[in-house]
Amino acid sequence: MLTDNEIRKIIDQGPEVTFIFIKELLQKIDRLEKRVQALESIITKDSNNSSKPPSTDMFRKTNNSREKSGKKPGGQPGHKPHRLEL
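All of these numbers come straight from a predicted model, not from anything done at the bench. (Residues numbered from 1 in each chain as written. Predicted model: local features only at pLDDT ≥ 70, side-chain atom pairs only at ≥ 80, totals over all residues. Heavy atoms only, no water.)

A. Spotlight on the overall build of the protein. When its secondary structure is counted, the protein shows two helices and zero strands. Relative to a compact globule of 86 residues, whose C-alpha radius of gyration would be 12 Å, the protein shows 31 Å and is clearly more extended. Expressed along its principal axes, the backbone C-alpha trace of the protein runs to roughly 100 × 35 × 15 Å. For the protein, the proportion of its 86 residues judged to be buried stands at 7%. For the protein, the exposed area adds up to about 9,200 Å²; of that, 56% sits on carbon and sulfur atoms. Across the protein, the 17 positively charged side chains and the 12 negatively charged ones have centroids separated by 14 Å. (Helix = DSSP H or I, 4+ residues; strand = E, 2+ residues; numbered from the N terminus. Rg over C-alpha atoms; globule rule 2.2 N^0.38 Å. Buried < 20%, exposed > 50% of the residue type's maximum accessible area, 1.4 Å probe, protein only. Areas by Shrake-Rupley, 256 points an atom, 1.4 Å probe, with all protein chains shown as cover. Lys, Arg positive; Asp, Glu negative; His and termini not counted. Charge placed at Lys NZ, Arg CZ, Asp CG, Glu CD.)

B. Region of interest: the environment of Lys52. Topologically, Lys52 is positioned in the segment after α2 (15–43). By relative accessible area, Lys52 is classed as partly exposed at 31%. Lys52 has contacts with Lys45, Asp46 and Ser47, leaving out every residue within four places of it along the chain. (Contact = heavy atoms within 4.5 Å.)

C. Main features of the pattern of salt bridges. For the coordinates displayed, the defined rule picks out one salt bridge. For Asp30, the salt bridge is made with Lys34, and the minimal N-O distance between the two is 3.5 Å. Here the residue Asp30 and the residue Lys34 both occupy positions in helix α2, the gap between them amounting to four residues, near one helical turn. (Salt bridge = Lys/Arg side-chain N within 4 Å of Asp/Glu carboxyl O.)

D. Quick look at the side chain of Thr18. Relative to the elements of secondary structure, Thr18 occurs in helix α2. Sequence-distant contacts of Thr18, defined by excluding residues within four places in its chain, comprise Ile10 and Ile11.

E. Geometry of a nonpolar patch on the surface. Among the surface-exposed residues, Leu2, Ile7 and Ile11 lie close enough to one another that they form a single nonpolar patch of about 230 Å² accessible area. Turning to its location among the elements, Ile11 is positioned in helix α1 (residues 4–12). Among the residues examined, Ile11 registers a relative accessible area of 48% and is labelled partly exposed. (Patch = residues over 30% accessible without salt bridge, like charges linked within 9 Å, V, L, I, M, F, W, Y side chains within 5 Å.)

Printed below as a string of structure tokens:
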């Protein structure tokens, strides 16, 4: 990251140096935008929309919308058992 003084020094060197500096910055921005686009395309692919196996899915969302009740599994205390008689 350039400081304000460093940018002013570049500008003070004249329009040709400033033009070259801006051109280099734009090229760097273009390279970074392409890299971000490539990385985003990798992240958005999973086993549903590509030929990748399900084991490579990184952030799988679960469809479980149930909230935990806090109760232990099985019969609750005070519940009358229901059994088939012999």
